Amino acid sequence: MKTYEIKIKPLSGFGTPLKGDTLFGQICWQAAYDEKLFGASISNLLKDYSDNPFLVVSSAFPIINNSYALKRPDLPQSVLFDFASSNKKDTIEKRKELKAKWWMMVSKEKPLKNLRTHEIYLNDRELFNLFVSSGSDEIKRLTGKRSKGSYLTEFTQPHNSINRILGTTGEGDMFSPYTVDQVVFVPGATLAIFAGLREDIKIEQLTTALSRIGKTGFGKDASIGLGKFEVAGFSEVKIEELGVENFNALYTLSPSLPQENEFTDIFFTPFVRFGRHGDILATSGKPFKNPVIMADEGAVLILRENAIKKPYIGSAIRDLSKANKETVCQGYSLFIPIKVEGINE
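The numbering scheme is per chain: residues are counted from 1 as the chain's sequence reads. Restriction of local features to residues with pLDDT of at least 70 applies here, the model being predicted, together with a cutoff of 80 or more for giving and counting side-chain atom pairs; totals for whole chains, interfaces and linings are based on all residues. Here the side-chain values reflect all heavy atoms present in the structure, with hydrogen atoms and water set aside.

**Re the overall build of the chain**
So, step 1. In terms of helices and strands, the chain carries seven helices and 18 strands.
So, step 2. Only protein chains enter the area calculation, which uses a 1.4 Å probe; residues under 20% of their type maximum are buried, those over 50% are exposed, and those in between are partly exposed. Per-residue burial for the chain yields a buried fraction of 48% across its 345 residues.
So, step 3. Any two residues having at least one pair of non-hydrogen atoms within 4.5 Å are treated as being in contact. For the chain, long-range pairs separated by at least 24 residues make up 75% of all intrachain contacts whose partners lie at least 6 apart in sequence.
So, step 4. Carbon and sulfur atoms make up 51% of the accessible area of the chain, which totals about 18,000 Å². To qualify as a helix, a DSSP run of H or I must reach at least 4 residues; to qualify as a strand, a run of E must reach at least 2; elements of each kind are numbered from the N terminus. Using a 1.4 Å probe, accessible areas were evaluated by the Shrake-Rupley method; residue-level cover was limited to the displayed protein chains.

Right, dumping it as structure tokens:
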């Protein structure tokens, strides 16, 4: 399996987070629309998905000056930060400050050799300032009037239901408002998606699928203009170079379902996917999938042994749907090998 970095540029807000499992699902729909896209039908692509996935895709992460802004590892603060020299009051204040630093800067030049290097952790405003200071004059002009100073902004936008046949709002003459939650990235932002491709899958095929998704819109409320992006390029990468050689743990890059027998301990934030079918199945009599609990990206998996033969961990998730038995959810994740000190000592 070869691994690639794909750069995308957001062109609108997003109603659905750019997480690996959702990206995988929408890429599968593109394969279902066009059997020529990957040179095989979606049924054939998923035939041996449980043993040999044709694609493992990560969540999307900001990229600034060739450094990736990843989610801070889901480890206890006592493992990531040294509080030994602080008194109780200072420790409490320090914990509050560090809790907001949920970005982690990683690059090939500055890999994850030491998780206790405080300088790699940033809060959202610090990430925004780093982006602006390293950006072009055009980026400085576009971001100069942003009062909040945030790399991404979450907000709720009000809408009103419309009956286009009767030309009224809501049902009858009733006013029927609703809200749409969305996330908007800072102008000029670039995001990186990592993808592991089986030998028979070409990167150009995947970027074509992503380009089509970007034009029509990704995720929720694409029909009203959300989820638009463009593919800005790709390159082959060795994700292991972002970590260390003498590793004893793995850092995951998308929601996943780890196999417990491979790890002595797992540190993660639970992520519940209340899935819903797309396309024509979204309006069927059974549009919803069974909920799935996964370990969110940023999980840290402590290995039983250092022998990892594949560039991904996890497992396929099946038996999700009563409407389509072939439905699968990506329970796999690419990873960065890391060294974790102070666990089980």
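On we go.
**Considering the sheet that holds strand β17 (residues 312-314)**
So, step 1. Ordered by their spatial adjacency, five strands build an open sheet running β13-β16-β12-β18-β17, and the pairing between neighbours is antiparallel. This sheet does not close on itself; its edge strands, each paired only once, are β13 (263-267) and β17. For this sheet the average axis-to-axis angle between neighbouring strands, irrespective of direction, equals 35 degrees.
So, step 2. Only when DSSP finds a minimum of two bridges between them are two strands counted as paired. Relative to strand β16 (residues 300-303), β13 runs antiparallel, the two sharing four bridges. Each residue of the ladder has a partner; that of F263, found in β16, is L303. The axes are straight lines fitted to the C-alpha atoms, using for helices just the contacting stretch, and the angles between their N-to-C directions are given from 0 to 180°.

**Concerning the pattern of salt bridges**
So, step 1. We count a salt bridge whenever a side-chain nitrogen from Lys or Arg sits within 4 Å of a carboxyl oxygen from Asp or Glu. Under the criterion given, the structure shown has ten salt bridges.
So, step 2. Among the ionic pairs, K71 bridges to D296, the shortest N-O distance being 3.9 Å. Here K71, found in strand β3 (residues 67-71), pairs with D296, found in the loop between β15 (292-295) and β16; they are 225 residues apart in sequence, far enough to count as distant.
So, step 3. Exposure remark for D296: the relative accessible area of 10% places this residue in the buried category.
So, step 4. A salt bridge links D200 to R198, with the nearest nitrogen and oxygen atoms 2.8 Å apart.
So, step 5. Take D200: its relative accessible area is 45%, and that puts it in the partly exposed class.
So, step 6. Members of the salt-bridge network, linked through shared partners, are K19, K71, D74, D296 and E297.

**Section: the packing of aromatic side chains**
So, step 1. Stacked, edge-to-face and tilted are the three classes for Phe, Tyr and Trp ring pairs, Trp counted by its six-membered ring, which pair at centre distances within 6.5 Å; planes under 30 degrees apart are stacked, over 60 edge-to-face, the rest tilted. Going through the model one piece at a time under the given rule, you end up with twelve aromatic pairs.
So, step 2. Considering the side-chain rings of Y49 and Y332, the 5.3 Å spacing of their centres and the 75 degrees angle between planes classify their relative orientation as edge-to-face. Of this pair, Y49 sits in the loop between α2 (42-45) and β2 (55-64) while Y332 sits in strand β18 (residues 332-338), and the two are 283 residues apart along the sequence. Comparing Y49 with Y332 shows no difference in burial state: the two are buried.

**Concerning the environment of I313**
So, step 1. Residue position: I313 is located in strand β17.
So, step 2. Among the residues examined, I313 registers a relative accessible area of 2% and is labelled buried.
So, step 3. If we skip the residues at most four places from it in the chain, I313 touches L250, T252, S256, P258, F263, L301, G331, Y332, S333 and F335.

**Here we look at the environment of K289**
So, step 1. Mapped onto the elements of the fold, K289 is located in the loop between β14 (270-273) and β15.
So, step 2. Measuring from C-alpha to C-alpha, the distance between K289 and R273 comes to 9.1 Å, with 16 residues separating the pair along the chain.
So, step 3. Filtering out sequence-adjacent residues up to four positions away, K289 remains in contact with G275, R276, H277, L320 and T327.

**Re the pairing of β18**
So, step 1. Extensive coverage of β18 is indicated by the burial of seven of its seven residues.
So, step 2. Where burial is concerned, the two faces of β18 agree: the one with Y332, L334, I336 and I338 and the one with S333, F335 and P337 are both buried.
So, step 3. One ladder, built from four bridges, connects strand β12 (residues 249-252) with β18; its direction is antiparallel. Across the sheet, Y251 pairs through a bridge with I336, a residue of β18.
So, step 4. In this structure, β17 lies alongside β18, joined through three bridges in antiparallel fashion. From the neighbouring strand, I313 faces β18, where its bridge partner is S333.

**Re the sheet that holds strand β4 (residues 103-106)**
So, step 1. Sheet architecture is open: seven strands sit in the order β5-β4-β3-β2-β10-β1-β11, paired in antiparallel fashion. Both outer strands of the open sheet, β5 (121-122) and β11 (229-236), are each paired with one neighbouring strand and no more.
So, step 2. Relative to strand β10 (residues 191-197), β2 runs antiparallel, the two being bridged by six bridges. In the strand pairing of β10, P62 is matched with L191.
So, step 3. Along the sheet, helix α1 (residues 20-33) contacts β2 and β10; its crossing angle with β2, the most-contacted strand, is approximately 120 degrees.

**Brief notes about the confidence of the model for the chain**
So, step 1. Each residue carries a pLDDT value, the predictor's own confidence for that position, ranging from 0 to 100. Of all residues in the chain, 87% have pLDDT values of 70 or greater, and the mean over the chain is 85.
So, step 2. Mean pLDDT across the elements of the chain ranges from a minimum in strand β8 (residues 168-169), with 57, to a maximum in β10, with 97.

**Comments concerning unusual backbone geometry**
So, step 1. Despite not being glycine, D221 shows a phi value in the positive range, around 60 degrees.
So, step 2. Structurally, D221 can be placed in the loop between α7 (203-216) and β11.
So, step 3. Even without being a glycine, D319 presents a positive backbone phi close to 55 degrees.
So, step 4. In this fold, D319 is placed in the loop between β17 and β18.

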